[in-house]
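Tertiary structure, described
Below, each chain spelled out in residue letters.
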Amino acid sequence: MPNKTLPKALLIFLPIILVVFLLGIYYRAQKTSAPTSVNQTEITPTPTSTDFVPSKWAGDEEVLYLETDLGNLEKKLSEVDLKQLPLLPPILDMRIRFE
Amino acid sequence: MKHLPLFILALAFLIFFPFTPLMAQDFDASKALSDYLYNINLYRAAYLEYSSSKNEYLTYQTLTSQNKALESTKKLLNQRAVTVKTYLTAVRMKLKESTSILNYDQNYLYIKIDDEITWIPTSQAEYNSAGTLEDLVNSSIIFEERYPGQEALAFRALGQIVFQEESVLKDEVNSLIEKTEKKIAQMRETGEDTSMEERWLIQAKEKVKRSDAKGKEALGLIANFKADNRDKLGYWNQIQGLFEEENQYLKEACSNLREIIREVKSAQ
């Protein structure tokens with residue numbers, strides 16, 4: 001009779017073991033799931049303050065004049081008309097014929 | 001009382017005479033450009049009229065259609081001449097305004113442009129005296145053969161205008177570099193470490209050298225602008241591309257100077 005009860009027990013417990021095993025795999029997969037972003041962000045230390053600390057030259061009159069002149073010059077360089085479109089030669093008919 | 005009319009005449013002369021040079025001075029590059037743009041619109045209208053009457057004449061070959069074609073062609077050729085004259089005037093005025101220091105190339109261009117502007121009314125006299133379509137066409141051919149030279153001249157003038165404007169800006173960049181260099185030297189004398197600033201300065205000077213090379217290359221192409229160049233616009237675009245590169249190098253030099261100022265102002 002032990003031969004008859006062993007397959008019966010297997011029939012009952014095997015599915016249970018299988019379900020438990022699958023549940024275990026599922027929960028493990030949930031715990032160690034890959035992040036959604038491609039690049040994993042590393043934990044970085046708290047950044048220190050990056051506020052601008054002026055040097056003793058920051059208020060120097062000549063330095064400030066240089067800065068202002070530079071700003072004006074950059075503006076002029078952006079505004080210079082290199083194409084001269086309105087002054088390109090006009091398109092005129094240079095073949096007046098009656099044929 | 002006897003001399004009253006003479007007095008009034010003298011007074012009128014004194015009042016109105018000073019305005020004459022003032023009114024002449026009002027004609028600047030902007031006015032010249034407006035004048036040209038106005039005339040090119042008139043040319044386009046005259047061209048439509050000419051096209052229509054030409055088609056009519058070629059279709060019907062009647063005396064009426066021939067006379068109509070003759071009148072509209074005269075009008076078109078006159079307007080074409082005026083358009084070219086006002087265009088060359090606009091270019092000349094812009095050349096005068098953009099360049100403060102006269103040089104040989106600029107003087108040469110002035111003389112050549114003035115020659116062309118002076119010649120145009122003589123061609124108009126030919127159109128007005130023409131009695132047949134054949135005469136008009138022959139007169140037109142003379143103008144047509146001269147126009148490529150006028151075009152090349154205009155492009156050379158435009159090239160000079162842009163070159164001079166860029167040269168002025170390049171001088172300003174060099175002046176800023178010089179002042180910055182002096183400031184850095186002053187800081188170095190106080191014991192500051194200016195090695196970073198000096199590296200940026202070398203880069204800025206290098207950028208200006210490259211800019212200068214591009215400008216000279218453009219000038220070389222401008223000098224070679226010929227009347228028989230079949231693709232004048234394409235050639236101009238080549239020159240304009242070199243000016244863009246020249247300008248870009250000057251901007252990069254300014255970026256280097258901006259880095260220097262940032263370094264100088266920062267204690268970090």
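Residues numbered from 1 in each chain as written. Chains lettered and ligands numbered in written order. Predicted model: local features only at pLDDT ≥ 70, side-chain atom pairs only at ≥ 80, totals over all residues. Heavy atoms only, no water.

1. Structural notes on the confidence of the model for chain B
Fine structural detail should not be taken from predicted coordinates in areas where pLDDT scores are low. Residues and elements named next belong to chain B. For chain B, the average pLDDT comes to 91, and 89% of its residues sit at 70 or higher. In the model, residues 16–23 has pLDDT below 50 throughout and makes 1 contact with residues more than four positions away in sequence or in other chains. Two summary scores accompany this predicted model of the complex, namely pTM at 0.77 and ipTM at 0.83. (pLDDT = per-residue confidence, 0-100. Contact = heavy atoms within 4.5 Å.)

2. Some thoughts on the interface of chain B and chain A
How large an interface is tends to be reported as the accessible area lost when its parts come together. Opposite the 64 residues of chain B that make contact, chain A presents 41 residues. With both sides pooled, the region where chain B packs onto chain A buries about 4800 Å², and carbon together with sulfur makes up 68% of that total. When residues of chain B are sorted by the area they lose upon contact with chain A, Lys183(B), Arg258(B) and Lys265(B) head the list and together hold 14% of the total. Between Glu144(B) and Arg97(A) there is a salt bridge; the shortest N-O distance is 3.0 Å. Viewed at the interface, chain A and chain B are joined by 18 residue pairs in polar contact (both at pLDDT 80 or more). Counting only elements with at least two residues in the side of chain B that touches chain A, the list comes to helix H3 (29–60), helix H4 (63–98), helix H6 (133–189) and helix H8 (232–265) of chain B. A total of 24 residues in the side of chain B that touches chain A trace back to one element, the largest contributor, which is H6(B). Looking at the side of chain B that touches chain A, its residues break down into 38 nonpolar, 11 polar and 15 charged. (Buried area = accessible area lost by both parts, 1.4 Å probe. Salt bridge = Lys/Arg side-chain N within 4 Å of Asp/Glu carboxyl O. Polar contact = N/O pair within 3.5 Å; in protein donor to acceptor, adjacent residues only side chain to side chain. Helix = DSSP H or I, 4+ residues; strand = E, 2+ residues; numbered from the N terminus. Nonpolar A, V, L, I, M, F, W, Y, C, P; charged D, E, K, R; others polar.)

3. Digging into the packing of aromatic side chains
Applying the stated criterion across every chain yields a total of 9 aromatic pairs over all chains. Between the aromatic rings of Tyr43(B) and Tyr47(B), the centroid separation amounts to 6.1 Å while the plane-to-plane angle is 35°, which identifies the pairing as tilted. Of the two residues, Tyr43(B) and Tyr47(B) are both situated in helix H3; the distance of 4 residues between them amounts to about one turn of the helix. Tyr47(B) sits in the partly exposed class, given a relative accessible area of 27%. An aromatic cluster of three or more residues is present, and its members are Phe98(A), Tyr43(B), Tyr47(B), Tyr50(B) and Tyr57(B). One residue, Lys54(B), lies across the ring of Phe98(A), its end atom 6.0 Å from the ring centre. Over the ring of Trp119(B) we find Arg146(B), and its NZ or CZ is 4.4 Å from the ring centre. (Phe/Tyr/Trp six-rings, centres within 6.5 Å; stacked < 30°, edge-to-face > 60°. Buried < 20%, exposed > 50% of the residue type's maximum accessible area, 1.4 Å probe, protein only. Lys NZ or Arg CZ within 6 Å of the ring centre and 35° of its normal.)

4. Remarks on the environment of Ile222(B)
All names here are of chain B. Residue position: Ile222 is located in helix H7 (residues 195–223). Placed 99 residues apart in sequence, Ile222 and Ser123 show a C-alpha to C-alpha distance of 28 Å. With near-sequence residues (within four places) excluded, Ile222 lies in contact with Arg156, Gly159, Gln160, Ile239 and Phe243.

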